[in-house]
Each structure stands twice: as structure tokens, then as C-alpha cells.
Amino acid sequence: MRIALLLAGLLAFTGCSSVEPWVMPYEREALADPIMLTSRMPLVDRHRQHVFEVREGARGASGLGVGGGCGCN
Amino acid sequence: MAATDRIANAYHRLRRPVAIAALLSAAATLSAATLPEERVQAMYHSYDGGGVQVTGPALNARMNFGTQLSTTADYYVDSISAASVDVVTSASPYSEQRTEYGVGIEWLYGDALVSAGYANSDESDYEADTYSLGVSQDVFGGMTTVAMAYSHGDDVVSRVDTDFEDSIDRDNFLLGISQILTPRLLTALNYEAITEDGFLANPYRSARILGAQVPENYPRTRTSHAVAASGIYSHSRETSVRGSYRYFTDTWEIGAHTFELAYSHYINPKWIADIRARYYTQDAASFYSDNFDREYNYMARDKELSTFDSWSAGGSLSWDLARDLPLGLRQATVTMSYDYIRFNYDDFTDLRDGELYEFDSHVFQLFFSTWY
């Protein structure tokens with residue numbers, strides 16, 4: 001069983017190494033448009049994230065960065 | 001301007017801001033191979049809900065030196081007027097101001113962007129210093145961006161009416177990966193762990209035992225894990241849709257789920273409209289109770305630790321004014337944004353009327369950004 005898993009892992013690894021990028025840079029125009037940005041307005045999005053975080057128990061993994069501490073209870 | 005020209009120009013000018021987001025934040029990005037663009041952002045923000053009003057300005061400026069070094073500075077103010085349900089039932093309404101300053105530096109090295117930052121947040125009964133480091137790297141022909149970040153926080157908690165003072169040590173670890181799947185689909189996976197050690201309660205808030213108010217007592221440590229998956233899809237040259245889901249869990253046994261959906265649309269080349277919706281739900285912390293039946297080691301009556309859900313809906317309207325006004329600006333945008341938020345608590349009672357608590361919030365933002 002272990003040998004089979006090892007072989008499967010090796011095959012997966014060598015398989016990955018032969019995969020070529022399938023979206024060329026000249027095909028990424030749509031992805032570079034402002035409406036495709038993770039955050040088009042960083043100040044606005046960070047403030048909205050702050051509004052939620054100080055009123056909810058969950059925090060983190062927002063994609064907007066590491067937050068600092070505050071006594072915003 | 002034709003749509004193709006608009007997109008081509010956007011592609012040229014937006015590679016840099018995209019890279020910065022990845023650097024500072026481990027955010028999902030398209031490329032980390034260029035410096036962020038020099039840009040100034042200014043915002044006025046307003047929050048009104050649950051008896052709390054928070055307003056203030058925020059500024060961010062970025063300046064580059066050569067082709068490898070970028071610096072940034074932040075200024076942010078919260079002017080707070082608070083008469084929340086917690087305050088009116090156990091203390092007196094108050095007003096205060098929180099001021100935050102931050103500086104950061106980014107260094108481009110090959111396809112990697114290395115960042116360091118410092119921020120200070122100061123208010124009358126809380127001071128926080130945060131130090132951060134980050135790196136992002138493009139791999140796989142620029143289709144994949146891997147980002148890591150770490151930050152350490154030293155906070156000091158106090159009371160304005162006594163000599164009480166305590167501290168919190170905070171460490172944040174972030175790992176993010178963004179992946180271009182198709183010419184129209186960008187996906188991202190972000191993970192963040194946060195560990196805290198110190199005084200994690202609110203020094204003013206009370207718990208209840210059989211209706212009598214007693215000081216809260218929290219564990220002095222907390223570790224949380226959050227994983228978020230997101231995707232942005234270009235439905236057409238004028239329209240994109242995005243969605244995300246986040247799962248959260250921590251050692252206080254809070255479990256939370258967050259769902260977000262958003263839609264962006266070019267009304268014309270000068271105007272962009274955004275609409276969005278969000279739903280959030282969480283379970284209570286293991287040591288939360290609206291009214292304890294006896295004394296326990298740990299007791300909290302913080303509604304942020306209770307069982308509740310919230311939903312919000314909002315929208316933004318952005319105007320590219322550099323196209324209309326002869327200001328000599330290469331690019332400038334003005335955005336008005338509004339969000340409505342509804343909070344519904346399952347086990348937190350409003351002591352004024354004995355009903356389960358619920359409230360509405362209104363968030364307004366006026367935002368200006370220019371690139372130079």
C-alpha cells in the first residue's frame with residue numbers, strides 16, 4: 001500500500017513538472033482589467049473589513065493583509 | 001475610447017498595484033514582478049449603528065525610488081461616539097479618537113516582492129504596535145502567485161478611569177496562493193493563523209450571574225485558523241462576478257462561516273458600478289452566556305462572542321474623472337460607497353426591554369484616488 005502511494009506521488013510529481021502554463025501572458029488582458037482586481041480600492045475594502053472584524057468573532061484570511069491591534073470593542 | 005484600448009491600458013497600468021497587494025497582504029494577485037504604482041488614496045468613512053457612530057479620514061500615499069524600491073505611508077482616524085447596548089446598560093456613553101499611522105517598504109527582487117511594515121494605533125485606553133514582514137513570488141509562468149506574511153503585535157490595554165494596565169502579544173501567519181485557471185478566471189486560497197497571549201477581554205464589560213453584573217474573565221490565550229477560497233470571473237469585457245467563502249475556527253470554540261458575492265459592471269468607460277452581498281454566521285464561544293447560572297472560571301457576555309448572524313448588502317459607484325476634468329492627472333477616480341448591515345443575535349438580550357438584541361448599521365465611504 002505504501003509503495004503504491006509512493007509511486008502515485010512520484011507520478012503526480014513528475015506529471016506536474018511537465019505541465020506547461022496554459023494561459024499565456026497575452027491572454028490575460030481580461031484578468032488585468034480593474035474590475036478583476038482583488039481590491040480596486042484598498043482603503044475602502046480595508047475599512048469595510050475593519051467594520052466587520054470588530055463586530056464579529058471571526059478574523060483573518062480576508063486577502064487584504066495582516067491587521068494591527070486596536071481596542072475597537 | 002474603444003473597449004480594447006481601455007483594457008490594454010488597464011493591463012499596462014494595473015500590473016503594479018496588483019503586485020503590491022500580494023506583497024503587503026498575501027492577497028490573491030496576478031503578478032508580483034513589478035513595483036506598485038505611485039498613488040495617493042484619500043477616504044472619508046462613516047459608520048452608524050447600534051448606538052455607535054464612527055467617522056474619520058484615511059490617507060495612503062506611495063512613492064517609488066528607482067525600479068526596485070517602493071515606500072508607503074498611512075494615516076487613519078476613527079472618531080468614536082459610543083452609546084452601544086453594552087455601554088448604556090453597564091457604563092456611560094463616551095467619545096474618543098483612535099489614530100493610526102503606518103509606514104511600509106517593498107523591495108522587488110527578480111520575480112519576488114519583499115515587504116516590511118510598521119503601524120501604530122493609539123487611543124486613550126489602548127495602544128498597539130504592529131510589525132510585519134511579507135514576500136510574494138510569481139511561479140509557473142506567472143500563472144501562480146505564492147505569498148507569505150508574518151506580523152507581530154504588542155498591545156497595551158488600559159482603563160481611562162483606573163490605573164489598570166495589561167498587555168497582549170499577537171502573531172499573525174498568512175499563506176496565500178492565487179491561480180489563473182483560464183483567461184477569464186482567477187482563483188485564490190488564503191490561510192491565516194493568529195495567536196494571542198494576554199488580556200483579551202474588554203476591561204469595561206460585565207458578565208451576568210443570575211442577573212447580577214460581575215467582571216468578565218477570559219482565557220489569556222487564543223489561537224484561530226481561517227481559510228478562505230475565492231474566485232473572480234470575467235463574464236464579459238464590461239462585467240465581472242466574484243464569490244468567496246471563509247471558514248473560521250478557534251480555541252474558544254467559535255465556528256464561523258462567511259459568504260460573499262459581488263458584481264462589477266462598466267456602465268460606460270468612465271463609470272463602474274459595484275453591488276455586493278454578504279452573509280455571516282457564528283457559534284458562541286464556550287465561555288459565553290447571556291446569563292450564567294453560577295460562577296465559572298471564564299465568563300463572557302460580549303455579543304461578538306455570542307451566537308448570531310449578520311447579512312449586508314451594498315453598492316459603489318466609481319467615476320474616472322481624469323477623463324472629464326482638465327486637471328492634468330493621468331488617472332483619478334472618485335467613488336461613493338454604501339453598505340447596509342443587519343445583526344441578529346440568538347442569545348444576547350437587550351437588558352432595556354428583555355428582547356433578543358438586533359440592530360441595523362449604515363456604512364458610508366467617499367473615496368478619492370489618483371495615480372501620478
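Residues numbered from 1 in each chain as written. Chains lettered and ligands numbered in written order. Predicted model: local features only at pLDDT ≥ 70, side-chain atom pairs only at ≥ 80, totals over all residues.

A. How the structure looks around the interface of chain A and chain B. At the interface, 40 residues of chain A touch 82 residues of chain B. Its residues placed into classes, the side of chain A that touches chain B shows 20 nonpolar, twelve polar and eight charged. (Contact = placed C-beta atoms within 7 Å. Nonpolar A, V, L, I, M, F, W, Y, C, P; charged D, E, K, R; others polar.)

B. Highlighting the nonpolar core. If you look at the biggest cluster of nonpolar residues, it comprises 18 residues, and the most contacted ones within it are Ile254, Ala285, Ala300 and Leu305 of chain B. Residues contacting alanine 300 of chain B, with those up to four places away along its chain left out, are Ala207, Glu216, Tyr218, Ala285, Phe287, Tyr288 and Leu305 of chain B. (Core = buried A, V, L, I, M, F, W, Y, C linked by C-beta atoms within 7 Å. Buried ≥ 20, exposed ≤ 12 C-beta atoms within 10 Å, placed from the backbone.)

C. How the structure looks around the pairing of strand E9 (residues 185–198) of chain B. Residues and elements named next belong to chain B. With 14 bridges connecting them, strand E8 (residues 165–182) and E9 associate as antiparallel partners. Bridge pairing in E9 links phenylalanine 173 to alanine 193. Hairpin geometry of E8 and E9 is characterised by an intervening segment of two residues between the two adjacent antiparallel strands. When E9 meets strand E12 (residues 221–236), the two strands line up antiparallel, connected through 13 bridges. Bridging across to E12, threonine 187 finds its partner in glycine 231. (Pairing = 2+ DSSP bridges. Helix = DSSP H or I, 4+ residues; strand = E, 2+ residues; numbered from the N terminus.)

D. Spotlight on helix H2 (residues 42–53) of chain A. Residues and elements named next belong to chain A. Its twelve residues place the ends of H2 16 Å apart at the C-alpha level, agreeing with the 16 Å of an ideal helix rising 1.5 Å per residue. Counted residue by residue, H2 has nine buried out of twelve residues, so it is predominantly covered. Taken together, the buried positions of H2 are Pro42, Leu43, Val44, Asp45, Arg46, His47, Arg48, Val51 and Phe52. (Expected span 1.5 Å × (residues − 1).)

E. Local environment of unusual backbone geometry. The backbone phi angle of alanine 61 of chain A is positive, close to 60°, even though this residue is not glycine. Of note, phenylalanine 140 of chain B is a non-glycine position whose phi angle comes to about 55°, a positive value. Relative to the elements of secondary structure, phenylalanine 140 of chain B occurs in the loop between strand E6 (126–139) and strand E7 (144–158).

F. Fine view of the environment of glycine 198 of chain B. Residues and elements named next belong to chain B. Position of glycine 198 relative to the elements: it lies in strand E9. Classification of glycine 198 as partly exposed rests on a count of 17 C-beta atoms within 10 Å. Taking the C-alpha atoms as reference, glycine 198 lies 12 Å from threonine 223; in sequence the two are 25 residues apart.

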